[in-house]
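Chain by chain, the residues:
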Amino acid sequence: MNTQPTASHFINGKYVEDTAGDLIEVIYPYTGQVIAKLHAATPAIVDQALDAARLAQQQWASWTGTERGRVLRRAADIMRERNHDLSMLETYDTGKPYSETSVADATSGADAFEYFGGLAGSITGAYIPLGDNFVYTRREPLGVCVGIGAWNYPTQIACWKGAPALACGNALVFKPSETTPLCALKVAEILIEAGVPAGVYNVIQGYGAVGAALVTDPRVDKVSLTGSVATGRKVYAAAAEGMRHVTMELGGKSPLVIFDDADLDAAVSGAILGNFYSSGQVCSNGTRVFVQKGIKPAFLARLSERLQGVVMGDPLDPATNYGPMVSAAQRDIVAGFIAKGQAEGARLVTGGTIPDGPGFFLPPTVFADVTDDMTIAREEIFGPVMSVLDFDTEQEVLARANDTPYGLAAGVFTADITRAHRMAAGFQAGTCYINTYNDAPVEAPFGGMKLSGVGRENSKAAIEHYSQIKSVYVRMDKCEAPF
Ligand code: NDP
């Protein structure tokens, strides 16, 4: 597969290059080889993208919602037709196995375009009667939105931001992570092919500095970031300067609570999905697995058995179900956390060692006897490291589950339905799971509480975050004044 794009950026419906920008080398995580070379956006490229977006947005917003929706749904169809190629590219960009990307990435992006395409025609205001007079509201686009992505789901993030933004009549300038810059360019190509006017969806490459330049530009009305809390703080503060709208999809340290009445195999599945899918590089992962004391030995035994089913290897081999991490740097960060876990007295049950051979692999790693104060139980690792903690009572575990500055997700496995709903009500997290983990359908709102973020992606809730309300007062009788 040719992974070298035609040029680094996609602006105003065309590929654009400016070789004066810093070099970005794209590395295939399985071989460590450079598979594409791109350039970061120069100030001239940033200008070009924002000007194109500003101009195109007005025309796009003048289309009816149904017209906008039609082309977005066409884009969804094209994405599904090209699922194989898009999934291959996602695998080259991230290292995630094809067995995973072929069912989770372009398909999720297509769902977003289909869902928001379907909603576009019903984005309306309200009529508010006031006797003979009345007020009506108009739900209007924000203008030019900037999307800034993390590296773990480059296709999905480009679509999760693009679909609601475009459905509402905004234009978008998207900056992928420089680690995974390839997939968003394909999304841009497909949108143009589907009939989205040039300039409505633009992609420019760059390191953090390009993101920072976008966030503070006066032409920008909204910023949506998927990234770490540290970056979120900077971006939110910079956006506040211009009173820009924001969506912040940030990190987490989510709890997964397993009671002794749970279906053990289902709970083990939840813990695997919530820790090792995408080699653990998922923001909502339930990395603090609280297991009720009575079932701890059985849980650890079954988990170790099930982890024998991991097939780690060539991501393009359909039999592989576990790929390398995105980069050597990220793998080394995670290895550092593993060393800390051992140094602080956690018991390594399985994994933990970087294997010989090609690729940035780190096998599924499980620590038991983890306590709340250990670094591995407090900090986001963003890799395949599960911490198993013990607990006795519901009240105790809920307090400990919430004892974190993060609030992205939380899960519970139990056969007791009233307890399940009590736990869901008590969790301080934007997304809660009962007897499942890490589902993310486009129909449901997704986002964090506490330090994990602001705003929601997906669902009708996203419409609120990509549009604004204008109230229009209408007087039918005569307007009078006191003097
Ligand atoms: P980073 O926060 O390092 O980067 C996110 C993006 O922001 C990148 O494109 C980055 O560019 C850019 N950026 C960095 N500094 C600035 C700045 N000052 N101004 C504007 N943009 C900037 O995150 P990672 O890419 O390492 O992704 C991992 C993080 O993302 C984890 O914390 C994870 O939990 C979170 N995440 C959250 C999700 C959610 O939906 N809640 C989903 C997926 C991941 P560059 O890469 O070039 O530095």
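Just so it is clear, the structure is predicted and the values come from calculations on it, not from any experiment.

1. Things to note about the sheet that holds strand E6 (residues 133–141)
Here is step 1: Overall, antiparallel pairing links the three strands, which are arranged E5-E6-E22 in an open sheet. Two strands in the sheet have a free side with no partner beyond their single neighbour: strand E5 (127–130) and strand E22 (467–474). In this sheet, adjacent strand axes meet at a mean angle of 20° when their direction is disregarded.
Here is step 2: Relative to E22, E6 is paired through eight bridges, and the arrangement is antiparallel.

2. Re the sheet that holds strand E14 (residues 347–350)
Here is step 1: Overall, mixed pairing links the seven strands, which are arranged E14-E15-E16-E13-E12-E18-E19 in an open sheet. Sheet topology places E14 and strand E19 (431–434) at the edges, where each strand pairs with a single neighbour. Direction aside, neighbouring strands of the sheet carry axes that sit 20° apart on average.
Here is step 2: Where strand E15 (residues 365–368) meets strand E16 (residues 385–391), three bridges bridge the pair, whose relative direction is parallel. By the bridge assignment, Val366 is partnered in E16 with Met386.

3. Here's the deal with the UniProt feature "active site" (unreviewed entry) in the chain
Here is step 1: When the UniProt feature table is mapped onto this chain, "active site" (unreviewed entry) is found at Glu249.
Here is step 2: With respect to the element layout, Glu249 can be found in strand E11 (residues 245–249).
Here is step 3: Once residues within four sequence positions are removed from consideration, Glu249 is found in contact with Leu225, Thr226, Gly227, Leu408, Phe446, Gly447, Gly448, Ser452, Gly455, Arg456 and Glu457.

4. Points about the site of the ligand
Here is step 1: Around the ligand lies a shell of 29 residues, among which Glu178, Ser228, Thr231, Leu250 and Glu380 are the nearest.
Here is step 2: Between the ligand and Ala212, the relevant distance is 3.4 Å, taken from a nitrogen atom to a main-chain nitrogen or oxygen of the residue.
Here is step 3: Relative to its unbound accessible surface of 900 Å², the ligand loses 86% to contact with the protein.
Here is step 4: Of all the secondary structure elements, the ones that give two or more residues to the shell around the ligand are helix H8 (208–215), strand E10 (222–226) and helix H9 (229–241).
Here is step 5: Across the shell around the ligand, the residue classes tally to 13 nonpolar, eleven polar and five charged.
Here is step 6: A domain split of the shell around the ligand shows at least three residues from each of domain 1 (9–250 + 452–470) and domain 2 (255–434).

5. Some words on the packing of aromatic side chains
Two aromatic rings are characterised by how far apart their centres lie and by the angle between their planes.
Here is step 1: Taken as a whole, this structure holds eleven aromatic pairs when the rule is applied.
Here is step 2: Their ring planes at 55° and their centres at 4.7 Å tell us that Tyr28 and Tyr92 sit as a pair that is tilted. Of this pair, Tyr28 sits in the loop between strand E3 (23–27) and strand E4 (34–39) while Tyr92 sits in helix H3 (residues 83–94), placing them 64 residues apart in sequence.
Here is step 3: Exposure remark for Tyr28: the relative accessible area of 5% places this residue in the buried category.

6. Here's the deal with the UniProt feature "domain: Aldehyde dehydrogenase" (unreviewed entry) in the chain
Here is step 1: Taken from the UniProt record, the annotation "domain: Aldehyde dehydrogenase" (unreviewed entry) applies to residues 16–472.
Here is step 2: Structurally, residues 16–472 comprises 40% helix and 20% strand, and the distance from its first C-alpha atom to its last is 42 Å.

7. What to know about the packing of helix H6 (residues 154–167) against helix H7 (residues 183–194)
Here is step 1: Where H6 meets H7, the axes come as close as 8 Å, and the angle between the chain directions of the two elements is 40°. The handedness of the crossing between H6 and H7 comes out as right-handed. Contact residues: H6 offers Pro154, Thr155, Ala158, Cys159 and Leu166, while H7 offers Cys183, Ala184, Val187 and Leu191.
Here is step 2: Taken together, the residues of the contact of H6 with H7 break down into eight nonpolar, one polar and no charged.

8. As for unusual backbone geometry
Here is step 1: Even without glycine at this site, Ser278 takes up a positive phi of about 55°.
Here is step 2: Mapping Ser278 onto the fold places it in the loop between helix H10 (264–273) and strand E13 (288–292).
Here is step 3: Look at Asn438: it is not a glycine, yet its phi comes out positive at around 70°.
Here is step 4: Along the polypeptide, Asn438 turns up in the loop between E19 and strand E20 (449–450).

9. Observations regarding the domain arrangement of the chain
Here is step 1: By the assigned domains, the chain splits into domain 1 (9–250 + 452–470) and domain 2 (255–434).
Here is step 2: Computed over C-alpha atoms only, the centres of domain 1 and domain 2 are separated by 30 Å.
Here is step 3: In this assembly, 28 residues from domain 1 lie in contact with 27 residues from domain 2.
Here is step 4: Buried area between domain 1 and domain 2, summed over both chains or domains, comes out near 2,100 Å², and the portion from carbon and sulfur atoms is 63%.
Here is step 5: Looking only at domain 1, the three residues that lose the most surface to domain 2 are Tyr30, Trp151 and Ser452, adding up to 29% of its buried area.
Here is step 6: Where domain 1 meets domain 2, there are zero salt bridges.
Here is step 7: Remark: the boundary between domain 1 and domain 2 carries nine residue pairs in polar contact (both at pLDDT 80 or more).
Here is step 8: Looking at the side of domain 1 that touches domain 2, the elements that each hand over two or more residues are H3 and helix H4 (98–104).
Here is step 9: By residue class, the composition of the side of domain 1 that touches domain 2 is 14 nonpolar, nine polar and five charged.

The rules behind the values
- Residues numbered from 1 in each chain as written.
- Predicted model: local features only at pLDDT ≥ 70, side-chain atom pairs only at ≥ 80, totals over all residues.
- Heavy atoms only, no water.
- Pairing = 2+ DSSP bridges.
- Helix = DSSP H or I, 4+ residues; strand = E, 2+ residues; numbered from the N terminus.
- Axes fitted to C-alpha atoms, helices over the stretch in contact; angles between N-to-C directions.
- UniProt positions renumbered as here; feature names shortened; annotations may be inferred.
- Contact = heavy atoms within 4.5 Å.
- Near = heavy atom within 4 Å.
- Polar contact = N/O pair within 3.5 Å; in protein donor to acceptor, adjacent residues only side chain to side chain.
- Areas by Shrake-Rupley, 256 points an atom, 1.4 Å probe, with all protein chains shown as cover.
- Nonpolar A, V, L, I, M, F, W, Y, C, P; charged D, E, K, R; others polar.
- Domains from an automatic or database assignment.
- Phe/Tyr/Trp six-rings, centres within 6.5 Å; stacked < 30°, edge-to-face > 60°.
- Buried < 20%, exposed > 50% of the residue type's maximum accessible area, 1.4 Å probe, protein only.
- Left-handed = near helix turned anticlockwise from the far one by under 90°.
- Buried area = accessible area lost by both parts, 1.4 Å probe.
- Salt bridge = Lys/Arg side-chain N within 4 Å of Asp/Glu carboxyl O.

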